[in-house]
Amino acid sequence: MEWYADGQKLVKQNNHVDWSTTIYKINGGEYATKSVLTITNSVVDDTGLYQCFAYNEHETAMASGSVFISSVLVFEEAHFISDNFMYVVDGQVGTVECGAQGAPMPSVTWVNIPASYTGDMTTEEGTNGQSSTLISRFPIGPLYLNESREHVFTCLTSNSYAGKEYSKAQDVTVVVGYPVEWRNGTWPVVETKEKESAVLMCEFSGTPTPAVTWKRNGVSLPIVKADGTFNHVVQSDDALLISPVETGDDTMFTCTGTNGFNSVSMEIQVLVAGAVVDAVLYSTLSIGLIFLLCLIILIMIILYRRSKRRKKVDIAVSVNGTDPVYANEKALEKLKKEEEERKRAAEKAARLAREKEERERAEKELQEKLEEQRRKEEEILKQEEEARRILEEERLKKEAAEIARLEEEERLRKEAEEKERLEKELAERLRLEAEEKARLEEEERMRKEAEEKARLEEEERLRLEAEEKARLEEEERLRLEAEEKARLEEEERLRLEAEEKAKLEEEERLRKEAEEKARLEEEERLRLEAEEKARLEEEKRLRKEAEEKARLEEEERLRLEAEERARLEEEERLRKEAEERARLEEEERIRREAEEVELKRLEEERRIQEEEERIVELQRRE
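Throughout this description, residue numbers start from 1 for each chain and increase along the sequence as written. Thresholds applied to this predicted model are a pLDDT of at least 70 for local features of residues and 80 or more for the giving and counting of side-chain atom pairs; totals over whole chains, interfaces and linings are not thresholded and use all residues. Side-chain metrics rest on all non-hydrogen atoms present in the structure, leaving aside hydrogens and water.

Participant: Please explain the overall build of the chain as it appears in this structure.
Facilitator: Of regular secondary structure, the chain possesses 4 helices and 23 strands. Counting all 622 residues of the chain, 19% fall into the buried class. Contact definition: two residues touch when any of their heavy atoms are within 4.5 Å. Pairs at least 24 residues apart make up 63% of the contacts formed inside the chain by residues separated by at least 6 positions. For the chain, the exposed surface amounts to about 43,800 Å²; the carbon and sulfur share of it is 55%. Secondary structure elements follow DSSP: runs of H or I no shorter than four residues count as helices, runs of E no shorter than two count as strands, and numbering proceeds from the N terminus. The buried label goes to any residue with under 20% of its type's maximum accessible area, the exposed label to any with over 50%, and the partly exposed label to all in between, with areas taken from a 1.4 Å probe on protein chains only. Where accessible areas are quoted, they stem from the Shrake-Rupley method and a 1.4 Å probe; at the residue level, only the protein chains shown are allowed to cover.

Given below as structure tokens:
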């Protein structure tokens, strides 16, 4: 018998490649040869096709088998490479996916999925370097999704190495919802004033609730200034508070809403303007009107005095005996001049009346503007109050939702831990059952081998008795030939018995070595399992301590955030109260100035009216 590896004849190598050959006799006088090849301290290069050739003078026979020896470096424990969250639009068909990677290739199975979906399940195999990947998918339709807004499927993956199985479980959560959409419909424009406060609302719809982020000119907010302060605060309801408004805020702001389906960005234009009414312009207009009234009164007084001097000259000429015709002409001329003077006076009075009406109209428009400004400020205050109320309601809703989410996560975590414990118990039970089954099979094999050995020994005994009987009969007929034949048979028997004895001793030695090796492997396995169990318990303890520490840190952070938010709200309230008090004082000052101007105007009009009455009275007397 000869051994070959990948077509090359093998030669024995100390402490690496060796084989033993055993020859024994079977029924009918035939002989059998058994050869066992042993590779000690195997390496990756020993991988290949091995062939065993048996030949005698009549024919040749061959048996072959493949040997694959993997390096420890190639092994990679099975792990997941797919997301544990998937999103499906309500009313549409979605795909649930679970992918795993490892070396050797891991298996992927699903737990708690509808039986109707197993027929549509597909798998996709691939490679990633020395590792293999396996992805399992199945479609899920609206009828099943409509039962709940969220579904959890469990995916299991496992591979094995050196007789040990490695397995993991992952929950794949399918969320049913809607993509993000802009609720306001059009791009808004917000008008505000410098050093005031402004609230930008950005409303998105979608399920799950979109997460909102803000940017100003492409830069994420808030922007921290050189002195460590900032005037942009993203509130709990995702609204952006600008306080105080600066000239740099007269630009485009971008809000982005994101959930598992998509992201939507919209822009809000902020316009920063000055005051509606300029107090300096109002004072200048009032002074100009007063100066114009004084000029008109001065002109009327000058015209009145000139008219009075002309009348005195005409009277003096008449008294001194001037020609009557000439006197009449003078009188007519004087009458014409008086008529023209009256017309000019009437025109001036009409012009003054028009100017008075225009002045009253301007004052009325100014008053309307002041009233409009006051109304707008009241509306802004109402809007801010409504915005604060809405923000507070949204904050309370989000806090309630966050509490419910944390409770749900805690429940899911406990369920996952319970599921993991049950899976470990199931794996342990299956392992014990497999070991028990292997032990029973080994006992059955040994029993059958013992029975086969006893049968062969009995047949050998019967054959030897028959041969002895034939020898005695033949000895009687041909004693000399029988004695020679008996001698040869005795020698053959002794040789066979020696070989059989050697074979049995070799088998006994191999059996003992196998049992000792199995015992050592069992002790090593139990030691490794004990160490693995201790390591898992230690990891579980450390994980619980880390979770408790993270929970305490999260509670401390939430408390600090609540205190900081309360402080900011108190500062905002005090600042707004100061601004409101300053605004009311400014309005009171403007109102008093307007009242003073109005009083001056009324006094001037009363004085002008008295002057006009006096002039009319003088004319009537003349």
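There's more to say after this.
Participant: How do you make sense of the sheet that holds strand β6 (residues 60–67) when you look at a structure like this?
Facilitator: Strands pair in a sheet through their backbones, by hydrogen bonds, and they do so in one of two ways: parallel or antiparallel. We treat two strands as partners when DSSP finds at least two bridges between them. With antiparallel pairing, the 4 strands of this open sheet are ordered in space as β2-β1-β5-β6. Edge positions in the open sheet fall to β2 (8–9) and β6, since each of these has one partner strand only. Both strand β1 (residues 2–5) and β2 contribute to a ladder of 2 bridges, which runs antiparallel. If you follow A5 over to β2, its bridge partner there is Q8.

Participant: Is there a simple way to explain empty space enclosed by the protein in this structure?
Facilitator: Cavities and pockets are found on a 1 Å grid laid over the protein atoms alone: a cavity is a set of points where a 1.4 Å probe fits but cannot escape, a pocket is an open set with protein on both sides within 12 Å along at least five of seven lines, and a lining residue has an atom within 4 Å of such a point. Grid points are joined across faces, edges and corners, and a volume is the space filled by probe spheres set on the points. Enumeration over the complete set of coordinates arrives at 1 cavity of 30 Å³ or more. As a volume, the largest cavity reaches approximately 30 Å³. Along the walls of the largest cavity sit I297, M300, I608, E611, E612 and I615, which together make up its complete lining. With 4 residues, helix α4 (residues 479–621) is the single largest residue contributor to the lining of the largest cavity.

Participant: Where do I start with the sheet that holds strand β11 (residues 122–128) in this structure?
Facilitator: Pairing within the open sheet is antiparallel, and its 4 strands lie in the order β7-β9-β12-β11. Each of the sheet's edge strands pairs with one partner strand only, and the pair in question is β7 (76–80) and β11. Averaged over all neighbouring strand pairs, the angle between strand axes comes to 20°, with direction disregarded. The pairing of β7 with strand β9 (residues 94–103) spans 3 bridges and is antiparallel. In the sheet register, E76 faces β9, and the bridge partner there is A103. The convention used is that axes are lines fitted to C-alpha atoms, helices contributing only their stretch in contact, and that angles between N-to-C directions extend from 0 to 180 degrees.

Participant: Can you walk me through the state of the cysteines in this structure?
Facilitator: Cysteine pairs can be covalently joined through their sulfur atoms, and such a bond is termed a disulfide. Counting rule for disulfides: a pair of cysteine sulfur atoms within 2.5 Å. Evaluation of the coordinates by the stated rule reveals 2 disulfides. At a sulfur-sulfur separation of 2.0 Å, the disulfide partner of C98 is C155. Looking down the S-S bond of the C98 and C155 bridge, the torsion is -85°, so its handedness is left-handed. Of this pair, C98 sits in strand β9 while C155 sits in strand β13 (residues 150–161), and the two are 57 residues apart along the sequence. Look at C155 and you get buried, because its relative accessible area is 0%. Shown here is the disulfide that connects C202 with C255, its sulfur atoms set 1.8 Å apart. Its torsion about the S-S bond being 55°, the disulfide of C202 and C255 is classed as right-handed.

Participant: Got a minute to help me understand the packing of aromatic side chains in this structure?
Facilitator: Here a Phe, Tyr or Trp ring, Trp counted by its six-membered ring, pairs with any other such ring whose centre lies within 6.5 Å, and the pair is stacked when the planes are under 30 degrees apart, edge-to-face when over 60, and tilted otherwise. Enumeration according to the criterion identifies 2 aromatic pairs in this entry. Here the aromatic rings of Y4 and F53 are separated by 5.1 Å at their centres, their planes lie at 80°, and the arrangement is edge-to-face. Of this pair, Y4 sits in strand β1 while F53 sits in strand β5 (residues 48–55); the two residues are 49 residues apart in sequence, bridging distant segments of the chain. You can call F53 partly exposed: its relative accessible area is 24%.

Participant: What am I meant to see in the nonpolar core here?
Facilitator: Nonpolar side chains tend toward joint burial in soluble globular proteins. Counting residues in each nonpolar core, the largest one holds 19 residues, and the members touching the most others are L200, F204, W214, L240, F253 and C255. Mapped onto this core, the elements with two or more residues apiece are β14 (164–182), β16 (198–200), β18 (211–216), β21 (240–242), β22 (252–258) and β23 (263–273). Ranked by residue count, the leading element in this core is β23, at 5 residues. Excluding residues that lie within four positions of it along the chain, F253 makes contacts with L200, W214, K215, R216, L221, H232, L240, I242, M266, E267, I268 and V270. Counting residues in hydrophobic clusters, the runner-up holds 16 residues, among them F80, V96, A100 and L134. Side-chain atoms within 4.5 Å are what join buried Ala, Val, Leu, Ile, Met, Phe, Trp, Tyr and Cys residues into a set we call a nonpolar core.

Participant: Teacher, can you tell me more about the pattern of salt bridges here?
Facilitator: When charged atoms on two side chains of opposite charge get close, those side chains can pair. By convention in these notes, a salt bridge is any Lys or Arg side-chain nitrogen within 4 Å of a carboxyl oxygen on Asp or Glu. Evaluation of the coordinates by the stated rule reveals 70 salt bridges. The partner of R591 in a salt bridge is E588, with the nearest N and O atoms 2.1 Å apart. A residue pair is termed a helical-turn pair when its members lie 3 or 4 positions apart in one helix, as R591 and E588 do in helix α4 at 3 residues. E611 serves as the salt-bridge partner of R614, at 2.1 Å between the closest nitrogen and oxygen. Residue R614 and its partner E611 are both found in helix α4; the two are separated by 3 residues, about one turn of the helix.

Participant: What is the right way to look at the pairing of β22 in this model?
Facilitator: Two faces belong to every sheet, and in a regular strand the side chains alternate between them. Burial of β22 is extensive: 5 of the 7 residues sit out of reach of the surface. In the sheet, β18 pairs with β22 via 6 bridges, with the strands oriented antiparallel. Considered in β22, the bridge of A211 is made with T258. Summarising the sheet, β22 and β23 pair through 7 bridges and their orientation is antiparallel. Within the sheet, the bridge partner assigned to T254 lies in β23 and is E267. In this antiparallel pair of consecutive strands, β22 and β23, the connection spans 4 residues.

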